[in-house]
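# Close look at the chain arrangement
These are the residues of each chain, in order.
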Amino acid sequence: MNRKRGVALFAIALFLGSLSHTAAVASVDLSSGIRYVSDSGTLSDCSAKAKAALETYLPGATESSPGSGEWSAMGQNIATGAASSGAAVRCYPLPKGYVVTFICAVQLPANPYPAHALCLNIAHKFYGGAITPLAAMPTASPVPTGCATTNLVGNWVSDSDSKRTFTMQLNGDLTDNDGVSGNWIIDGDTVTLTYYGNHTLKLSPDGKHLSGGGYNLTRKC
Amino acid sequence: MTRISRCRVALLAVGLIAAFGALSTPAPAALDMNVGVGKVVANQPLSACNGSAKTALNSVLQDAVELGGDTGEWLAFGAPDSANGSTAAATIHCYPLGSAYLVTFTCAAQVPPSPDSAAALCTKLTAAFDSGAR
């Protein structure tokens, strides 16, 4: 009888725990179909506008290969610590002018606005048109100051050179002690620093140490 | 506290740990996006691109649609799973260039739970497109 009671308690505990596993339905939302043809201008012109339009909404636009005219950027949901939005602007030269396409993807419900809203704004930023304010990306409130494992916000010091410091901000920007800027993204405990190239690092379980890619950093928290 | 009570408390604790312990382990789902291949196919009509785009999307994802009709811009999503909506999507764009066409592949996936990264999805689509275009 006592064994039965014990088993019952174990089952109740499992059930209680399982109640908190109710994952929100999440899905990928992809927007395509915005295309713009310019009968003047070069691929370089298109690339410059593509980069600027992307970076109005998403940090750190990169070209898939130099001179390709294919640009993309990702946006991070700080609250979840993972990328939840992205966009690609692809430029191709024509005999006269260029053609450019706009493609956006977001993860719902983690992202606060749909893919088409993001794409419309990026496209309108590129070739002109009405800009509609996008819903604000959820942020941890207040701005995190501790050694959170879901973000890198705070001040970091190189373990090998105490004069080398990095300030990482909520929006994914980083700045070193010389004023050189870059970006950070965290996915689980894997961190990508874009700073003189891309570097992959691991965040320690206590959120205090970053290591990998030639860097060993400690957060002041 | 009796021995039986201690046993019950221990079992309750083990059960709670077993149930809640798993919560902290999964990595958060992240959006993955890939700018796939863009290439010019010479001496082929736009209709060939459209046909291959639709076939490729339907073979890797499902229910490919041409946006707006006769635009050459094709879109498809993966089958929704039981816990989520579609966790993979892709678009293939066909654009006429005289007697040739330009085709581009762009993919997105939510990883996890999508088994394919966006890059893997685009690789599959490109292969399916190329086999259909032969």
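Definitions and limits used
Every chain's residues receive numbers from 1 upward, in the order its sequence appears when written. Written order decides the labels, with chains lettered from A and ligands numbered from 1. Only residues with pLDDT of at least 70 are given local features in this predicted model, and only at 80 or more are side-chain atom pairs given and counted; all residues enter the totals for whole chains, interfaces and linings. To get an axis, a line is fitted to the C-alpha atoms, and for a helix only the part in contact is used. The angle between two axes follows their N-to-C directions and goes from 0 to 180 degrees. Runs of H or I in DSSP of at least four residues are treated as helices and runs of E of at least two as strands, each being numbered from the N terminus. Roughly parallel means an angle under 35 degrees; roughly antiparallel, over 145; roughly perpendicular, 65 to 115; everything else is oblique. Take the far helix as the reference: if the near one is turned anticlockwise from it by less than a right angle, the crossing is left-handed, and if turned clockwise, right-handed. For the purpose of contact definition, each residue receives a C-beta atom placed from its backbone, and two residues are in contact when these atoms lie within 7 Å. The classification used treats Ala, Val, Leu, Ile, Met, Phe, Trp, Tyr, Cys and Pro as nonpolar, Asp, Glu, Lys and Arg as charged, and all other residues, Gly among them, as polar. Buried residues are those with 20 or more other C-beta atoms within 10 Å of their own C-beta, exposed residues have 12 or fewer, and partly exposed residues lie in between; C-beta atoms are placed from the backbone. Pairing between strands requires that DSSP locate at least two bridges from one strand to the other.

Let us now look at the packing of helix α2 (residues 43-57) of chain A against helix α3 (residues 115-127) of chain A. Angle between the axes and distance between the axes are the two parameters that describe a pair of packed helices. Residue and element names in this part refer to chain A. Between α2 and α3, the least distance of the axes is 9 Å, while the angle of their chain directions is 135°. One element, α2, and the other, α3, form an angle in the oblique class. Crossing handedness for the pair α2 and α3: right-handed. Residues K49, A50, A53, L54, T56 and Y57 of α2 touch α3, and the partners they reach there are L118, N121, I122, K125 and F126. For the contact of α2 with α3, the class distribution of residues is seven nonpolar, two polar and two charged.

Moving on to the pairing of strand β7 (residues 165-168) of chain A. Here is the key point about a regular strand: its side chains alternate between the two faces of the sheet. Residue and element names in this part refer to chain A. Covered by surrounding structure in β7 are F166 and M168 only, the residues T165 and T167 on the alternate face being uncovered. Of the pairings in the sheet, the one linking strand β6 (residues 154-158) to β7 comprises four bridges and is antiparallel in character. In the sheet register, N155 faces β7, and the bridge partner there is T167. A loop of six residues connects β6 with β7, the two strands running antiparallel in sequence. Taken together, the three bridges between β7 and strand β8 (residues 173-176) define a ladder with antiparallel strand orientation. Counted as the bridge partner of F166 is D176 from β8. From the end of β7 to the start of β8, which pair antiparallel, there are four residues, and G172 there has a positive phi angle of about 95°.

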